[in-house]
Structure formats: structure tokens, C-alpha cells
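# Structural description and commentary
Okay, here's what each chain looks like letter by letter:
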Amino acid sequence: MASIMIVYASLTGNTEDIAERIAEGVRESGCEAVLREVDSCSASDLVQHDGLLLGAYTWGDGELPDEFLDFAEEWDEIELEGVKCAVFGSGDTGYAVYCGAVDIIEAKLREKGAELVQESLKIEYGPNAEEKEGCRDYGRRFARRCMAAVS
Ligand SMILES: Cc1cc2nc3c(=O)[nH]c(=O)nc-3n(C[C@H](O)[C@H](O)[C@H](O)COP(=O)(O)O)c2cc1C
């Protein structure tokens, strides 16, 4: 069974809600979903799985949340070449840089040679009912791509 790691940072629960819905979609597809908050895992945990989904809210002026800053220092030391990844997050369109953390994480993964297998998912605040289904679908699509690679 393919195993997919979902690592996220969430201050008020919106990104967590997205992460949980994505995890449901991953599981519906018959894959294992390992869901972890970023401050409870180390960068080396990332490479033990068949796919990696990273999620963050945006802080400051389009910045990564502090929890991800510590993590981002560590991932310079790990090999992500060819690892199947995708990025999601929550933001607020009232800010100048909407979901900037998602773009920063995506750029970092590209720089590390990771394979971004689908477009990033950005949601304003928490997902509404329709967006929740979109999150599940996002998880299902990601899982299918990872399963195709392991079978
Ligand atoms: C101090 C502060 C700065 C923020 N800066 C941004 C920003 O630059 N861009 C953005 O899209 N959202 C920004 N946000 C909005 C949060 O990312 C948004 O509320 C998000 O839904 C929080 O997700 P969470 O519930 O997972 O913590 C900011 C929020 C706060 C409180």
C-alpha cells in the first residue's frame, strides 16, 4: 500500500481542516495517510513515504509561519530529488500576497528537485462544503499519482 505523508502548520485550524479533508481523499483511494503537524516531525521523516503533501497558512507579509521556518532550515540537509510532492494552504485575499507561504514551499521543493505532481491548492480561510469535497478530490488525485508510481 502506498503511504503518503501530510505535514501541515495551522494556527487557528483552517489549514488543519484542509489537511484532514485531503487525508480522507488519500484514504478513500486505498493509500495510507500519515497526518502530522510540522512541529511534531523532522525533515528526515519526509522521505520515508511514497508521496509528500506540505501545507501551511501564511503569516506576516506573505511569509512562512515560524513552525515551518525551523523545518525549512532542516530540509536543506535532506535529499528530495524525485520525491512526489504537492503543496496546499490557507490564506486571506485581503493581504497583499495571498497564500505566499504556499508559493515559498513550492519554490523550495522545486529547488530541491522534488517532483510537483499537481498544482498547489489555495483556500481562503477554512474550506466550505464545496471546497471540502475539492480537498478530498485533491487527495484522491495525489494518491492516484503516487500509486501509479509504486505499482
Ligand atoms: C498577522 C497575520 C498575517 C497574515 N498574513 C497573511 C498574508 O500575508 N497572506 C495571506 O494570504 N494570509 C495572511 N494571513 C491570514 C491567514 O493565513 C489565514 O487567516 C489562514 O486562514 C490561517 O490559517 P490557519 O487557521 O491554518 O492558521 C495572516 C494572518 C495574520 C493573523
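What counts as what
Residues numbered from 1 in each chain as written. Predicted model: local features only at pLDDT ≥ 70, side-chain atom pairs only at ≥ 80, totals over all residues. Heavy atoms only, no water. UniProt positions renumbered as here; feature names shortened; annotations may be inferred. Helix = DSSP H or I, 4+ residues; strand = E, 2+ residues; numbered from the N terminus. Core = buried A, V, L, I, M, F, W, Y, C linked by side-chain atoms within 4.5 Å. Buried < 20%, exposed > 50% of the residue type's maximum accessible area, 1.4 Å probe, protein only. Contact = heavy atoms within 4.5 Å. Near = heavy atom within 4 Å. Polar contact = N/O pair within 3.5 Å; in protein donor to acceptor, adjacent residues only side chain to side chain. Patch = residues over 30% accessible without salt bridge, like charges linked within 9 Å, V, L, I, M, F, W, Y side chains within 5 Å. Areas by Shrake-Rupley, 256 points an atom, 1.4 Å probe, with all protein chains shown as cover. Salt bridge = Lys/Arg side-chain N within 4 Å of Asp/Glu carboxyl O. Lys, Arg positive; Asp, Glu negative; His and termini not counted. Charge placed at Lys NZ, Arg CZ, Asp CG, Glu CD.

Within an unreviewed UniProt entry, the label attached to the chain reads Flavodoxin, and the organism entered is Paenibacillus spiritus. Regarding the chain, the relevant UniProt record gives this comment under Sequence similarities (unreviewed entry): "Belongs to the flavodoxin family." Reading the Function (unreviewed entry) entry of the UniProt record for the chain gives the comment "Low-potential electron donor to a number of redox enzymes."

With that settled, the discussion passes to the UniProt feature "domain: Flavodoxin-like" (unreviewed entry) in the chain. Summarizing the sequence annotation, UniProt attributes the feature "domain: Flavodoxin-like" (unreviewed entry) to residues 4-143 in the numbering used throughout. Along residues 4-143 one finds 36% helix and 24% strand; the C-alpha atoms at either end are 7 Å apart.

A general trend in soluble globular proteins is that nonpolar side chains are found buried together. Counting 29 residues, the largest nonpolar core has Phe68, Phe71 and Trp75 as the members making the most contacts within it. Every residue in contact with Phe68, bar those within four places of it in the chain, is listed here: Val7, Tyr8, Ala9, Val38, Leu54, Gly55, Ala56, Trp75 and Ile105. Counting residues in each nonpolar core, the second largest holds 22 residues, with Tyr8, Ala33, Leu53 and Ala143 among its members.

Moving on, we come to the site of the ligand. Among the 20 residues in the neighbourhood of the ligand, the closest are listed as Ser10, Leu11, Thr12, Thr15 and Ser90. Between the ligand and the protein, one listed contact pairs an oxygen atom with a backbone N or O atom of Asn14 at 2.7 Å. A distance of 2.6 Å is found between an oxygen atom of the ligand and a side-chain nitrogen or oxygen belonging to Ser90. Looking at the shell around the ligand, the elements with two or more residues in it are α1 (14-28) and β4 (84-91).

Another point: a negative patch on the surface. A contiguous patch of negative charge on the surface is contributed by Glu37, Asp39, Asp66, Asp70, Glu73, Glu74 and Glu77. Tallying contributions element by element places helix α2 (residues 66-74) first for the negative patch, with 4 residues. Summarising the element assignment, Asp70 is placed in helix α2. A relative accessible area of 54% places Asp70 in the exposed class.

Here the focus is the side chain of Thr58. You can see Thr58 is positioned in the loop between β3 (51-57) and α2. Looking at Thr58, its side chain comes within polar contact range of the main-chain nitrogen of Gly100, at 3.2 Å. At a separation of 3.0 Å, a polar atom in the side chain of Thr58 contacts the main-chain amide nitrogen of Ala101. The residues contacting Thr58, other than those within four sequence positions of it, are Glu63, Ser90, Val97, Cys99, Gly100, Ala101 and Val102.

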